[in-house]
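In case you want the letters, here they are:
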Amino acid sequence: MTEIKKLWAYLKNYRLYFFAALIFIILNVVFSMIPGYLNRRIIDDVIRGQQLKLLFSLLTAYVIATLLRSIAIMLQRFFTEILSQNLLKDLKQALYEKLQKLSFNFYNKNRTGELMSRMTGDMEAIRMLFADGMIQFTRAIFYLIFVVLVLIQENIALTLVSICLSPLIGFFAYRLGVRIKPIFRQVRRQYSDLNSTVQENISGIRIVKAFHQQAFEMEKFSEENNSYFIKNYRAAQIWSKYFPIMEFLGGMSTVLLLFYGGRLVISGEITLGVWMQFNSYLWMLIMPMRMIGPIVNMFSRTSASAERIFNILEKEPEIKNIAEPIKATKIAGKVEFKNVGLSYGDEVILKNISFLAEPGQTIAIMGTTGSGKTSLVNLIPRFYEATSGEVLIDGRDNRSYDLYDLRQQISVVMQEVFLFSETIANNIAYGRPEVGLEKIKSAAEISSARDFIEEMEAGFEEVIGERGMGLSGGQKQRVSLARALVQESPILIMDDATSAVDMETEHQIQQALESRADKSTVFLIAHRISSVRNADQILILNDGEIIERGTHAELIKQQGHYYKMFKEQYKEVMDEAEIAERWVD
Ligand SMILES: Nc1ncnc2c1ncn2[C@@H]1O[C@H](COP(=O)(O)OP(=O)(O)OP(=O)(O)O)[C@@H](O)[C@H]1O
């Protein structure tokens, strides 16, 4: 129920619709009750009382009541639809906004398909409650109240007989709710898993086909699908255990009414018309009892879904602004790490990292795979938070800056390229929609992408496929680099950004980067000596620690790890003697 209360808070802007819907649902109940009363008058006054002249006005009232009821039905649906659609819109907006704010770590733990199912299936369950559930629930309550109030005036005993089984039905409905809610939770979770399986399969379909794993994937899907079926089946089993009991008790109410009411008519305590009125109202008494089950069912489903949505909505991003962050509109680009350490849980990733990058300098980071290069650069824009030490930007702890401002000042070319299925121009201008084609072209020029883009049929207006399908690995990297360059940020991070580009093109890119008037501080993660040799400082990481540092020439002289890599990469073109003569004093 707490989830339903939280949803109520989201309705605050639409309470007018809510109350309008409520009024028309109640009017529908009232107009539905009028024919029962008219039946009684027709039987008692027109037929038995021989007052034929009343028939026309009673039938006119019948027609008007039916007409008004139809209008009330239309308007109740209209307002519940507006209400539920607006609620859905706001909830989706809030969830999407929260998803934009949550940190990298959240996405490491939650799968895309899982999150998608919250955005779709769970949202729909909530909409259903406010579209259909609200009508059913309100109608059930008001039928019960109004009918009991009317009938009690006619005959208290008969009314009590008619509703005497309600508490028992209510008890079973409650038991059903308690037992079915955890199953619905499992159903929702399984639905997410199923979604994730489909999403991952479609995203990775090329790998699936390349490895001939269609049968394996079918098997995996089949397991998830089966499990979804079983969980739904279990919910249906519980449902089918309780539902017949409630149906039976509802039926028994009819029997009791017919039996006791019939006797009252025979003994003359009530008129035939009153008994008919009871009879025509009977479904209005039984309906709410029968509806308790489906309503409980719907509430359980919705609260399981709402719980999953609020779980995310109430999550605080792990990385957020401090109380009074500094507004940083333009920074110079000085970056300093002071004794920085990083752990993911118990696993220590970086230890005691210290270095200084002056504005405009290039810092290259090399090291074996898994040595912590990406983790190190991820600390600069605060994708993750240092566990110890400080990351200073222009002399201030990067945590003291407004997060949005900070990230505005840093451009990142990630190791894994992601492009949107959009035009190339829009991909490059991502985050800076105001930049003109000239700037887009000059960024593409620096990243050596301009030529191949212009050779395409639609040039910069060419629409690329999902994740950049249709471009080669090296082309994707160059578009991704242009996207970072267009930002003209004082800090540029290039994580293996040119690994798929041939050495000649890479050389051109480096020269173009070097010759820019407004040079950024560049962090360059690379594996090739040719990529890093002009850097102002090269850091060699091993197992989360800097084990060597210096310029290319200094590191060659040290004859350590860097020198070993150098020899390895240049052995084809230079022999040991040549290397020693040219590079080592
Ligand atoms: N989000 C994460 N949660 C837990 N461990 C992580 C996470 N990201 C990276 N790691 C671990 O941290 C270590 C360093 O990873 P990182 O990606 O920084 O290495 P790298 O030097 O950039 O490697 P590569 O050259 O292969 O890209 C690895 O052992 C990796 O398994």
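Residues numbered from 1 in each chain as written. Predicted model: local features only at pLDDT ≥ 70, side-chain atom pairs only at ≥ 80, totals over all residues. Heavy atoms only, no water.

In the annotation of an unreviewed UniProt entry, the entry for the protein reads ATP-binding cassette, subfamily B, and the organism field reads Halanaerobium salsuginis. Checking UniProt for the protein, the heading Subcellular location (unreviewed entry) contains the comment "Cell membrane". (UniProt positions renumbered as here; feature names shortened; annotations may be inferred.)

Caption draft 1: Spatial organisation of the UniProt feature "transmembrane region" (unreviewed entry) in the protein. When the UniProt feature table is mapped to this numbering, "transmembrane region" (unreviewed entry) covers residues 16-34, 54-75, 128-152, 158-178 and 242-261. The straight-line gap between the two end C-alpha atoms of residues 158-178 is 32 Å; of that span, 90% is helix and 0% is strand. (Helix = DSSP H or I, 4+ residues; strand = E, 2+ residues; numbered from the N terminus.)

Caption draft 2: Quick look at empty space enclosed by the protein. Summed over the entire model, instances satisfying the criterion amount to 1 cavity of 30 Å³ or more. Roughly 40 Å³ of volume is contained in the largest cavity. Residue lining of the largest cavity: Leu 379, Arg 382, Glu 385, Ala 386, Val 391, Asp 397, Asn 398 and Arg 399, and that is the complete set. Of the residues contributing to the lining of the largest cavity, the split by class is 3 nonpolar, 1 polar and 4 charged. (1 Å grid on protein atoms, 1.4 Å probe; cavity = no way out; pocket = protein on both sides within 12 Å on 5 of 7 lines; lining within 4 Å. Points joined across faces, edges and corners; volume = space filled by probe spheres on them. Nonpolar A, V, L, I, M, F, W, Y, C, P; charged D, E, K, R; others polar.)

Caption draft 3: Quick look at the packing of aromatic side chains. Overall, the coordinates contain 22 aromatic pairs when judged by the stated rule. Aromatic side chains Phe 137 and Phe 299 sit 5.5 Å apart centroid to centroid with 65 degrees between the ring planes, which places their arrangement in the edge-to-face category. Taken together, the residues Phe 137 in helix H5 (residues 112-154) and Phe 299 in helix H10 (residues 272-313) connect sequence positions 162 residues apart. By relative accessible area, Phe 137 is classed as partly exposed at 36%. A centroid spacing of 5.2 Å and a plane angle of 75 degrees characterise the contact between Phe 418 and Phe 420, whose relative ring orientation is edge-to-face. Note on Phe 420: relative accessible area 32%, which makes it partly exposed. Here the aromatic cluster, defined as three or more aromatic residues joined through ring pairs, consists of Tyr 14, Tyr 17, Phe 24, Phe 78 and Phe 79. (Phe/Tyr/Trp six-rings, centres within 6.5 Å; stacked < 30°, edge-to-face > 60°. Buried < 20%, exposed > 50% of the residue type's maximum accessible area, 1.4 Å probe, protein only.)

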